[in-house]
Amino acid sequence: MENIMKKLDYQPTNLSDHELENPLSTMVAFLDNNDLHHIREKVWQLYKGWVNNSVGFTEGDENADMLYFYTQLVDFINAAFIYTEKKKLEIQPTV
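Residues numbered from 1 in each chain as written. Predicted model: local features only at pLDDT ≥ 70, side-chain atom pairs only at ≥ 80, totals over all residues. Heavy atoms only, no water.

> Give a detailed account of the overall build of the protein chain, specifying residues and quantitative values.
The helix and strand tally for the protein chain stands at five helices and zero strands. Summarising the internal contacts of the protein chain: among those between residues at least 6 apart in sequence, 66% fall at separations of at least 24. On the protein chain, roughly 7,100 Å² of surface is accessible, and the fraction owed to carbon and sulfur atoms is 55%. (Helix = DSSP H or I, 4+ residues; strand = E, 2+ residues; numbered from the N terminus. Contact = heavy atoms within 4.5 Å. Areas by Shrake-Rupley, 256 points an atom, 1.4 Å probe, with all protein chains shown as cover.)

Quick look at the structure:
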């Protein structure tokens, strides 16, 4: 795990100890809370917002939803990285 944290540059991941040991639980929670079509649409909206700085989701519930989505997306990316690093270690032959 130390090697994985080093690759993450020891940045806080906001993942609990359980999620660090079982990153699949975070990925499952993300996918359970966001259907694939909406994930694609929200990522596109985020991209347009970054590029154009003019996406119309800056008020009320939609703004809170986008912030929550972003937070979950960051956790998902960290968990996916940890999961894949662990899987790579499992498939490497022992020398």
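From this point on, the discussion continues.
> Talk me through the pattern of salt bridges; I want residue IDs and the actual numbers.
A complete count under the given rule lists two salt bridges for this structure. As a salt-bridge pair, glutamate 21 and lysine 86 come within 3.9 Å of each other at their nearest N and O atoms. Of this pair, glutamate 21 sits in helix H2 (residues 17-21) while lysine 86 is found in helix H5 (residues 60-91), placing the two residues 65 residues apart along the sequence. A relative accessible area of 48% means that glutamate 21 is categorised as partly exposed. Among the ionic pairs, lysine 87 bridges to glutamate 90, the shortest N-O distance being 3.3 Å. A residue pair is termed a helical-turn pair when its members lie 3 or 4 positions apart in one helix, as lysine 87 and glutamate 90 do in helix H5 at three residues. Look at glutamate 90 and you get exposed, because its relative accessible area is 57%. (Salt bridge = Lys/Arg side-chain N within 4 Å of Asp/Glu carboxyl O. Buried < 20%, exposed > 50% of the residue type's maximum accessible area, 1.4 Å probe, protein only.)

> Please give an account of the nonpolar core that cites residues and values.
For soluble globular proteins, nonpolar side chains are generally found buried alongside one another. The biggest cluster of nonpolar side chains holds eight residues, and these are Ile4, Met5, Leu8, Leu15, Leu20, Met27, Ala79 and Ile82. With residues up to four places along the chain from it excluded, the contact list for isoleucine 82 reads Ile4, Leu8, Leu15, Leu20 and Pro23. Listed in part, the six residues of the second largest apolar core include Phe30, Ile39, Leu46 and Leu73. (Core = buried A, V, L, I, M, F, W, Y, C linked by side-chain atoms within 4.5 Å.)

> Report on the packing of aromatic side chains, specifying residues and quantitative values.
Aromatic ring pairs are defined here through the distance separating the ring centres and the angle between the ring planes. Applying the stated criterion across every chain, the model contains two aromatic pairs. Ring geometry for phenylalanine 30 and phenylalanine 69: centres 5.8 Å apart, planes at 40°, overall tilted. Here phenylalanine 69 lies in helix H5 and phenylalanine 30 lies in helix H3 (residues 23-33), a separation of 39 residues in the sequence. No difference in accessibility class separates phenylalanine 30 from phenylalanine 69, as the two residues are buried. By the ring-pair criterion, three or more aromatic residues cluster together here, those being Phe30, Phe69 and Phe76. (Phe/Tyr/Trp six-rings, centres within 6.5 Å; stacked < 30°, edge-to-face > 60°.)

> An account of H3 is needed here, citing residue identities and associated values.
The set of residues buried in H3 consists of Pro23, Thr26, Met27 and Phe30. Looking straight down H3, one finds its buried side chains confined to an arc of 100°; they lie on one side. (Arc of directions from axis to C-beta.)

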